[in-house]
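Coordinate inspection notes
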Amino acid sequence: MRILVLGATGYVGSRLVPALLERGHEVVAASSSEPCPSRFTWGQSVDWVQCDVTSTADVEAALADVDAVCYLVHSLSRRGFSGPDLLGAEVVRRGVDASSVTRLVYLSGLVPDVPTGELSAHLASRLDVEEELLRSSVPTLALRAGVIIGAGSTSFEIIRQLASLLVVQPVPWWLRSRIQPIAVTDAVRALVEAFDPEPGLVGSLDIGGPDVQRYPRLLAAYSRAARLVRVRVPVLLAPTAVVAAGAAGLVQAPFWTVTALVGSLRHDMVCRPDATWTPASGEALMTVKEAMQRSVAGLGLEGPLPSDPEWTRQRSPLPGLLPTPTSVRAGASLAWHRLRSL
């Protein structure tokens, strides 16, 4: 099968492409920026195309002569991401319907069991994109994932940097929601299986590892894997906006990405019992402990890649004591945003 991977240079995409090649597929790797094959070990083994998913012409050109599409695009790193993300989904869905594509797969987010109006902007946007793509006339599958564990993953890097920077870790009283993380190796395995001719699933399917736990335990799991002695202290007065700004100021991840993700922490993010992916091979899914250990040790897909964003490898010179350049920029951005809203 010839598969177009939209978002091939991102965290999941850069790990998915070689897995698809190993399975025997041909891959067209698409990115919004000018292709740079030398960044990737697999760069010379695929066809490249530059594609802005909001451009009808770019999408039409990218879809030429492909059998299937894997949609991994999102734009959390900037404000107002919901509009562009939905527009991209609309353009791609129309392009797929007008092409010879026979399969569409989207990596979505776990959807909490709450009214749609209570979803965070991040999760609401993921669901909007999912629903738009599922309107396609071709068989479409949305794989819903929560926290993906692996060095370079945005969620993991936020956990890693917070756990590393803060010896004493304040934990908001409301941060007791349950989560079901998945190792990136297993997430990639689910995506690869989604392109197998059988069973050809459609609709939405949740993917998660075997462990369901609360966020403080996830912080503790990283600390244990990294052999760090850390203390977590409950904090009663910690509004979501303050927590989001504080976390964004401490870590090196893009400011708007962090604040968008923190806004999603209030809800349980667990798989639906009646709609959860089970590996076709029957091979056991990786536990949080094993995934954390592999991430810290830099093993397999859980390890960092040279193509991962530079910020995932940055460290603060005096963790927890001095503001980083990111925190200064984040604070200035937040202050300006608050002033404009007055």
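Residues numbered from 1 in each chain as written. Predicted model: local features only at pLDDT ≥ 70, side-chain atom pairs only at ≥ 80, totals over all residues. Heavy atoms only, no water.

Things to note about the sheet that holds strand 6 (residues 140-145)
- Spatial ordering of the open sheet is given by 3-2-1-4-5-6-11, a layout of 7 strands whose pairing is parallel. Of all strands in the sheet, those bounded by a partner on one side alone are strand 3 (47-50) and strand 11 (203-207). Direction aside, neighbouring strands of the sheet carry axes that sit 20° apart on average.
- Two elements, strand 2 (residues 26-31) and strand 3, share 4 bridges in a ladder whose sense is parallel. Its bridge partner being in strand 3, Ala-29 is matched across the sheet by Trp-48. (Pairing = 2+ DSSP bridges. Helix = DSSP H or I, 4+ residues; strand = E, 2+ residues; numbered from the N terminus. Axes fitted to C-alpha atoms, helices over the stretch in contact; angles between N-to-C directions.)

Some details on the nonpolar core
- Counting 40 residues, the largest nonpolar core has Ile-149, Leu-218, Val-258 and Met-292 as its most contacted members.
- Those elements that provide at least two residues to this core are helix 4 (121-134), helix 5 (154-165), helix 7 (215-225), helix 8 (240-250), helix 9 (255-262) and helix 10 (288-297).
- Not counting chain neighbours up to four residues away, the residues in contact with Val-258 comprise Ile-158, Ala-244, Ala-247, Ala-248, Val-251 and Ala-253.
- In this structure, Leu-107, Leu-141, Leu-143 and Val-188 belong to the second largest nonpolar core, which totals 35 residues. (Core = buried A, V, L, I, M, F, W, Y, C linked by side-chain atoms within 4.5 Å. Buried < 20%, exposed > 50% of the residue type's maximum accessible area, 1.4 Å probe, protein only. Contact = heavy atoms within 4.5 Å.)

Quick look at the confidence of the model for the protein chain
- Residues at a pLDDT of 70 or more form 89% of the protein chain, whose mean pLDDT is 87.
- Of the regions scoring below 50 in pLDDT, residues 316-332 engages in 20 contacts with residues more than four places distant in sequence or in other chains. (pLDDT = per-residue confidence, 0-100.)

Things to note about helix 5
- A rise of 1.5 Å per residue sets the reference length of helix 5, with its 12 residues, at 16 Å; its end C-alpha atoms lie 16 Å apart and thus fit the reference within 8%.
- Burial within helix 5 is extensive, with 9 of its 12 residues counted as buried. (Expected span 1.5 Å × (residues − 1).)

Considering the packing of aromatic side chains
- As enumerated under the stated definition, the model contains 5 aromatic pairs in all.
- Taking 5.5 Å as the distance between ring centres and 10° as the angle between the ring planes, the aromatic pair formed by Trp-42 and Trp-48 counts as stacked.
- Here the aromatic residues Phe-40, Trp-42 and Trp-48 are joined through ring pairs into a cluster of three or more. (Phe/Tyr/Trp six-rings, centres within 6.5 Å; stacked < 30°, edge-to-face > 60°.)

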